[in-house]
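Observations on chain architecture
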Amino acid sequence: QVQLVESGGGLVQAGGSLKLSCAASGRTFSGWKMGWFRQAPGKEQEFVAAINWSSGITYYADSVKGRFTISRGNGQNTVYLQMNSLNPEDTAVYYCAADTPPYGSTRWGSSYDYWGQGTQVTVSS
């Protein structure tokens, strides 16, 4: 059983930065696609970023491109989301997710097979 655990959320002022981590227990991310999604109160789940673990190819939502960076940890079981220039519209619960082969659509949450419990990010104005 794969368990994904996010950490690093918190309260930050607008313009600040946070770095989220997602670690897996039970296996590595090798061969998977790892994604970050977020959901704000009253809104639908939104794709944020993803990385193909083997190739390192990254994908970003337009709303975070240039501000957020997804990266692989030095080990094989941690993925990060560095978030800079945060604004109140980034306030949401952020979820880590894993898509196993055969891959689905990168930006669709339904493509992902495993999910973390989420970590709250709150950006104050």
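Our subject is the structure that appears above.
What this report covers is the structure whose coordinates are included nearby. Source: prediction; values computed, not measured.

Parameters at a glance
Residues numbered from 1 in each chain as written. Predicted model: local features only at pLDDT ≥ 70, side-chain atom pairs only at ≥ 80, totals over all residues. Heavy atoms only, no water. Helix = DSSP H or I, 4+ residues; strand = E, 2+ residues; numbered from the N terminus. Buried < 20%, exposed > 50% of the residue type's maximum accessible area, 1.4 Å probe, protein only. Areas by Shrake-Rupley, 256 points an atom, 1.4 Å probe, with all protein chains shown as cover. Lys, Arg positive; Asp, Glu negative; His and termini not counted. Charge placed at Lys NZ, Arg CZ, Asp CG, Glu CD. Pairing = 2+ DSSP bridges. Axes fitted to C-alpha atoms, helices over the stretch in contact; angles between N-to-C directions. Core = buried A, V, L, I, M, F, W, Y, C linked by side-chain atoms within 4.5 Å. Contact = heavy atoms within 4.5 Å. Disulfide = S-S within 2.5 Å.

1. What about the overall build of the chain?
- Scanning the chain from terminus to terminus reveals zero helices and eleven strands.
- Listing the helices and strands of the chain from first to last along the sequence gives β-β-β-β-β-β-β-β-β-β-β.
- Overall, the chain is about 40 × 25 × 25 Å in size when its C-alpha atoms are taken along their principal axes.
- Burial status across the chain gives 44% buried among its 125 residues.
- Carbon and sulfur atoms form 46% of the exposed surface of the chain, whose accessible area is close to 6,100 Å².
- If you average the places of the 9 positive and of the 8 negative side-chain charges in the chain, the two averages end up 7 Å apart.

2. With respect to the sheet that holds strand S1 (residues 3-7)
- As summarised here, the arrangement of the four strands in space is S1-S3-S8-S7, forming an open sheet in which the pairing is antiparallel. Lying at the two open borders of the sheet, with one neighbouring strand each, are S1 and strand S7 (68-72). Averaged over neighbouring strand pairs, the angle between their axes works out to 15° when direction is ignored.
- One ladder, built from five bridges, connects S7 with strand S8 (residues 78-83); its direction is antiparallel. Bridge assignment links Thr69 to a residue of S8, and that residue is Gln82.

3. Describing the pairing of strand S3 (residues 18-25)
- Sheet analysis places S1 next to S3, joined by five bridges and oriented antiparallel. Bridge assignment links Val5 to a residue of S3, and that residue is Ala23.
- When S3 meets S8, the two strands line up antiparallel, connected through six bridges. Residue pairing across strands places Ser21 opposite Tyr80, the latter belonging to S8.

4. What to know about the nonpolar core
- Ranked by internal contacts, the top residues of the largest apolar core, which has 36 residues, are Met34, Trp36, Val79, Leu81 and Tyr94.
- Non-local contacts of Tyr94, meaning those with residues more than four positions away in its chain, are made with Glu6, Leu20, Trp36, Phe37, Arg38, Val48, Phe68, Leu81, Met83, Gly118, Thr119 and Val121.

5. Description of the state of the cysteines
- The full count for this structure, using the stated rule, is one disulfide.
- Between the sulfur of Cys22 and that of Cys96 lies a disulfide, 2.0 Å long from S to S. Across the disulfide from Cys22 to Cys96, rotation about the S-S bond amounts to roughly -75°, and the bridge is consequently left-handed. With Cys22 in strand S3 and Cys96 in strand S9 (residues 92-99), this pair connects stretches of sequence that are 74 residues apart. A single burial state applies to Cys22 and to Cys96, both of which are buried.

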